[in-house]
Amino acid sequence: MIVMNDFAAEPPALRQAILGAVARVLESGWYILGDELKAFEREWAQFCGTARAVGVANGTDAIEIALRVLNIGTGDEVITTPMTAFATVLAIIRAGATPVLADVDPTTGLLSIESANRCLSTRTKAVVVVHLYGQLRDMADWERFSDRNGIVLIEDCAQAHGAMLGRRVAGSFGRIGTYSFYPTKNLGAPGDAGALVTNDTALADRAARFRNYGQSRRYQHTEWGMNSRLDELHAAILLERLKWLENFTAHRQRIARQYFDGIRNPVVNPLAPPAESTAHVFHLFVVTTPARTALQAHLRQRQIETLIHYPTPIHHQQPCRDIRRDPGGLPMSERHASSCVSLPCHPQMSDGDVEAVIAAVNEFRED
Ligand SMILES: *Cc1c(COP(=O)(O)O)cnc(C)c1O
């Protein structure tokens, strides 16, 4: 079976390094908010080209904490996309703010600025741009959009570790960028972990207090915070996995190039290839097709796993039916959700696997 993720097939040298990191933490006897986290925060900030990184418990909390330290909450509206992980919208709700959904661009699945414009109101305080599937596009436009409207730009980078536009890395464009290190992400922990990155040191300091019960120094609490810490075991493992990230990303990009070159089927359309001078990190390689169910069955028969990201746009989820949205509706999100499918694209795939996927996709006939 050619699967969507294959952690068991990771290089033995990486496995050894992870076991070494675990041993190091156990022997240190220090498990929460220690030197491993400090080192990981330093390296992650450097990787993202930001002044600071603050480790938290997961990517959902990273978004919630970003909003909370920006004082965005009750009565404030936050524009985002219905074509994202449920977590993006859940975090906005958890922060007490009101999500407003704008439509997506059909060629990329990314948030549309025209639609976001139609979602603005006097209560809009922020836009959360999601770098869906690992794409990083149009950030100059989003910076202009947020400046012109006096709102805050937040980047949900949970799928975009190391994505670049020119020389700048995902997370360095907005006031705050948020990351998830959920196992399947391009940089994943063997469990839950996350971080936020920012150039604003005061915001970073507040986030570092906020994740630790709002504690400024031992047993002094300056505000209602959360318990959302990235523990030493995960930080130590992430430090080891980070050493492999560039190599793994390059592998994903090679696979994507092979797919773009090799997939020739009139009913299977890859999303827009990355623009010049950008690095798309291909967390997912997504195609759209009017014959999705048949294509998935055809590939499954040939031992190829696929998944759908995401089958249900946020506004069709049970608790979201009344969420405010573009007054023109969200037709592109609905179309994308009903036609998108993700092909295997992970760093443990062989050339033979990639060729097998291409051949199977090209053989597919809609009938
Ligand atoms: C995975 C993901 C999240 C949530 O991250 P968790 O670590 O699972 O909380 C948020 N946004 C997007 C776009 C994601 O892909």
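Model, not experiment: these values are computed from the prediction.

1. So, the nonpolar core
Consideration 1: Counting residues in each nonpolar core, the largest one holds 41 residues, and the members touching the most others are Phe-40, Trp-44, Val-127, Trp-142, Tyr-179 and Phe-181.
Consideration 2: Residues within four places of Trp-44 in sequence aside, it is in contact with Ala-53, His-161, Tyr-179, Phe-181, Leu-187, Ala-195, Val-197, Leu-242 and Leu-245.
Consideration 3: Membership of the second largest hydrophobic core comes to 26 residues, among which are Leu-70, Val-78, Val-128 and Val-152.

2. Observations regarding the sheet that holds strand E13 (residues 278-279)
Consideration 1: Taken together, the three strands give an open sheet; going across it, the order is E7-E6-E13, and neighbouring strands pair in antiparallel fashion. Across the chains shown, the open sheet's two edge strands, defined by having one partner strand only, are strand E7 (168-169) and E13.
Consideration 2: Across two bridges, strand E6 (residues 164-165) lies against E7 in antiparallel orientation. Note on E7: the bridge partner recorded for Leu-165 is Arg-168.

3. Describing the site of the ligand
Consideration 1: Looking at the ligand, there are 15 residues lining it, with Gly-59, Thr-60, Asp-156, Ser-180 and Lys-185 nearest.
Consideration 2: Between the ligand and Ser-180, the relevant distance is 2.6 Å, taken from an oxygen atom to a side-chain nitrogen or oxygen of the residue.
Consideration 3: Protein contacts shield 90% of the accessible area of the ligand, which totals 380 Å² for the unbound molecule.
Consideration 4: Of all the elements in the fold, those that place two or more residues in the shell around the ligand are helix H3 (59-69) and helix H4 (86-94).
Consideration 5: A class-by-class count of the residues in the shell around the ligand yields six nonpolar, seven polar and two charged.

4. Things to note about unusual backbone geometry
Consideration 1: With an omega of 10 degrees, the peptide bond between His-309 and Tyr-310 qualifies as cis.
Consideration 2: Within the element layout of this structure, Tyr-310 appears in the loop between helix H9 (292-301) and strand E15 (324-325).
Consideration 3: Positive phi, normally seen in glycine, also occurs at Asn-71, with a value near 60 degrees.
Consideration 4: Here Asn-71 shows up in the loop between H3 and strand E2 (77-80).
Consideration 5: Although it is not a glycine, Ser-277 sits at a positive phi angle of roughly 60 degrees.

5. A few points about the pattern of salt bridges
Consideration 1: Throughout the structure, instances matching the rule amount to 17 salt bridges.
Consideration 2: Where Lys-125 meets Asp-76, a salt bridge forms, and the shortest distance between an N and an O atom there is 3.0 Å. Residue Lys-125 is found in strand E4 (residues 124-130), and its partner Asp-76 is found in the loop between H3 and E2; the two are separated by 49 residues along the sequence.
Consideration 3: We classify Lys-125 as partly exposed; its relative accessible area is 34%.
Consideration 4: On the basis of relative accessible area, Asp-76 is assigned to the buried category, the value being 10%.
Consideration 5: Connected through shared salt-bridge partners, Arg-24, Glu-36, Glu-240 and Lys-243 make up one network.

6. Description of helix H6 (residues 139-149)
Consideration 1: Along H6, the residues classified as buried are Met-139, Trp-142, Phe-145 and Ser-146. Along H6, the residues classed as buried sweep out an arc of 115 degrees about the axis, all on the same side. Facing away from the buried side of H6, by more than 90 degrees, are the exposed residues Asp-147 and Arg-148.
Consideration 2: Buried residues in H6 make contact with helix H5 (113-119), E4, strand E5 (152-156) and E6.

7. Digging into the environment of Leu-299
Consideration 1: One can find Leu-299 in helix H9.
Consideration 2: A relative accessible area of 0% means that Leu-299 is categorised as buried.
Consideration 3: As a C-alpha pair, Leu-299 and Val-56 span 243 residues in sequence and 38 Å in three-dimensional space.
Consideration 4: Residues in contact with Leu-299, not counting those within four places in the same chain, are Ile-304, Thr-306, Leu-343, Ala-360 and Val-361.

Calculation rules
All residue numbers here refer to positions counted from 1 along the written sequence of the relevant chain. In view of the model being predicted, local features appear only for residues whose pLDDT reaches at least 70, and side-chain atom pairs are presented and counted only at 80 or more, with totals across whole chains, interfaces and linings using the full set of residues. To obtain the side-chain values, all non-hydrogen atoms of the structure were included, while hydrogens and water were left out. Among buried residues, those of type Ala, Val, Leu, Ile, Met, Phe, Trp, Tyr and Cys that are joined through side-chain atoms within 4.5 Å constitute a nonpolar core. Accessibility here uses a 1.4 Å probe with only protein chains present; expressed as a share of the type maximum, an area under 20% marks a residue as buried, one over 50% as exposed, and anything in between as partly exposed. In this description, contact between two residues means that some pair of their heavy atoms is separated by no more than 4.5 Å. The pairing criterion is simple: DSSP has to find at least two bridges between the two strands. Secondary structure elements are taken from DSSP: a helix is a run of H or I of four residues or more, a strand is a run of E of two residues or more, and numbering for both begins at the N terminus. We define proximity as follows: a residue is near a molecule or strand when any one of its heavy atoms falls within 4 Å of that partner. In protein, a polar contact means a hydrogen-donor-capable atom and an acceptor-capable atom, both N or O and within 3.5 Å, with residues adjacent in sequence counting only if both atoms are side-chain atoms; elsewhere, any N or O pair within 3.5 Å suffices. In short, Shrake-Rupley with a 1.4 Å probe defines the accessible areas, and a residue's cover is counted only from the protein chains shown. Side-chain classes are defined by residue name, with Ala, Val, Leu, Ile, Met, Phe, Trp, Tyr, Cys and Pro counting as nonpolar, Asp, Glu, Lys and Arg as charged, and the others, Gly among them, as polar. For this analysis, a salt bridge means a side-chain nitrogen from Lys or Arg found within 4 Å of a carboxyl oxygen belonging to Asp or Glu. Arc definition: directions from the helix axis to the C-beta atoms.

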